[in-house]
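So the chains spell out like this:
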Amino acid sequence: MQLEANKICFGYNRKESYLLNNISLTFKEGEKVAIVGPSGYGKSTLAKLLSGYLAPVKGRVLLDGKPLNPKGVCPVQLIYQHPEKAINPRFRMRQVLEEAKGLDLTILKKIGIEEEWLTRFPRELSGGELQRFCVARALLPEARFLIADEMSTMLDVITQAGLWNVVLEEVKRRNMGLIVITHNMHLATQVCDRIIDISAINGF
Ligand SMILES: Nc1ncnc2c1ncn2[C@@H]1O[C@H](COP(=O)(O)OP(=O)(O)OP(=O)(O)O)[C@@H](O)[C@H]1O
């Protein structure tokens with residue numbers, strides 16, 4: 001399976017030149033790729049395009065040669081830096097997980113989610129606790145590619161290591177593709193097989 005950005009262009013403001021201009025990239029299953037580059041160069045925007053949250057103005061995002069299906073579970077799952085933005089604040093955590101149908105519940109334990117957190121609302125959990133739910137939820141059976149956009153930036157070092165261990169184990173076990181968006185070059189070199197600098201590929 002492969003995920004491909006085919007000559008994609010995107011800008012938030014149509015009057016100005018594109019933020020992302022003519023980007024072509026290919027990610028293969030089983031591959032771990034880091035996307036790095038200066039702040040504001042469009043890394044998170046690229047993540048949203050690759051996972052179908054935004055549509056390119058030009059070009060296409062293709063999964064095995066076909067556009068992403070807007071219906072049903074997306075095989076490209078995105079984990080945001082800020083978990084509170086990705087979770088319905090009115091749902092208790094049990095309901096949040098119920099949205100992810102078919103989720104392997106053994107992941108909850110592996111990732112360190114405690115039973116008593118399930119009855120709480122998102123505002124009653126710390127950022128790190130909440131992010132564990134977002135990671136668990138992204139590891140649906142249908143997920144073939146995982147995009148971790150600054151997934152662990154706001155967590156302490158021990159929690160970061162624990163979360164990455166679970167993610168890397170699952171990605172390996174299921175031969176998923178992993179795209180890591182980060183400012184942390186140590187993380188990029190430790191975790192990934194390939195590093196792409198967005199400033200070097202934009203506009204060519
Ligand atoms: N929804 C939006 N509407 C308008 N402009 C936006 C929107 N989201 C992001 N931008 C702008 O697009 C540019 C790229 O943002 P993006 O978050 O993709 O960059 P980034 O490379 O991920 O940055 P960082 O490393 O700081 O997270 C920025 O100038 C940002 O202000």
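Details of the structure are given in the entry above.
From a predicted model like this one, the values you see are computed outputs, not experimental measurements.

Conventions used here
Residues numbered from 1 in each chain as written. Predicted model: local features only at pLDDT ≥ 70, side-chain atom pairs only at ≥ 80, totals over all residues. Heavy atoms only, no water. Near = heavy atom within 4 Å. Polar contact = N/O pair within 3.5 Å; in protein donor to acceptor, adjacent residues only side chain to side chain. Areas by Shrake-Rupley, 256 points an atom, 1.4 Å probe, with all protein chains shown as cover. Nonpolar A, V, L, I, M, F, W, Y, C, P; charged D, E, K, R; others polar. Salt bridge = Lys/Arg side-chain N within 4 Å of Asp/Glu carboxyl O. Helix = DSSP H or I, 4+ residues; strand = E, 2+ residues; numbered from the N terminus. Buried < 20%, exposed > 50% of the residue type's maximum accessible area, 1.4 Å probe, protein only. Phe/Tyr/Trp six-rings, centres within 6.5 Å; stacked < 30°, edge-to-face > 60°.

S.K.: Which residues make up the site of the ligand, and what values do they have?
M.R.: Taken together, the neighbourhood of the ligand is formed by Tyr12, Leu19, Pro38, Ser39, Gly40, Tyr41, Gly42, Lys43, Ser44, Thr45 and His183. One of the backbone nitrogen or oxygen atoms of tyrosine 41 is found 3.2 Å away from an oxygen atom of the ligand. Here serine 44 contributes a backbone N or O atom positioned 2.8 Å from an oxygen atom of the ligand. Alone, the ligand offers 630 Å² of accessible surface; in the complex the protein occludes 53% of this. Partitioned by chemical class, the residues of the shell around the ligand number four nonpolar, six polar and one charged.

S.K.: Go over the pattern of salt bridges with me, naming the residues and quoting the values.
M.R.: Going through the model one piece at a time under the given rule, you end up with seven salt bridges. The residue glutamate 170 makes a salt bridge to lysine 110 at a minimum N-O spacing of 3.1 Å. Of the two residues, glutamate 170 is situated in helix H5 (residues 157-173) and lysine 110 in helix H3 (residues 106-110); the sequence distance between them amounts to 60 residues. Under the relative-accessibility criterion, glutamate 170 is labelled buried at 0%.

S.K.: Could you give an account of the packing of aromatic side chains, with specific residues and numbers?
M.R.: Under the definition given, this model contains three aromatic pairs. Seen in terms of ring centroids, tryptophan 117 and phenylalanine 133 are 6.4 Å apart; in terms of plane orientation they differ by 45 degrees. Their pairing is tilted. Here the residue tryptophan 117 occupies a position in the loop between H3 and helix H4 (127-138), and phenylalanine 133 occupies one in helix H4, the gap between them amounting to 16 residues. Both residues of the pair, tryptophan 117 and phenylalanine 133, belong to the buried class.

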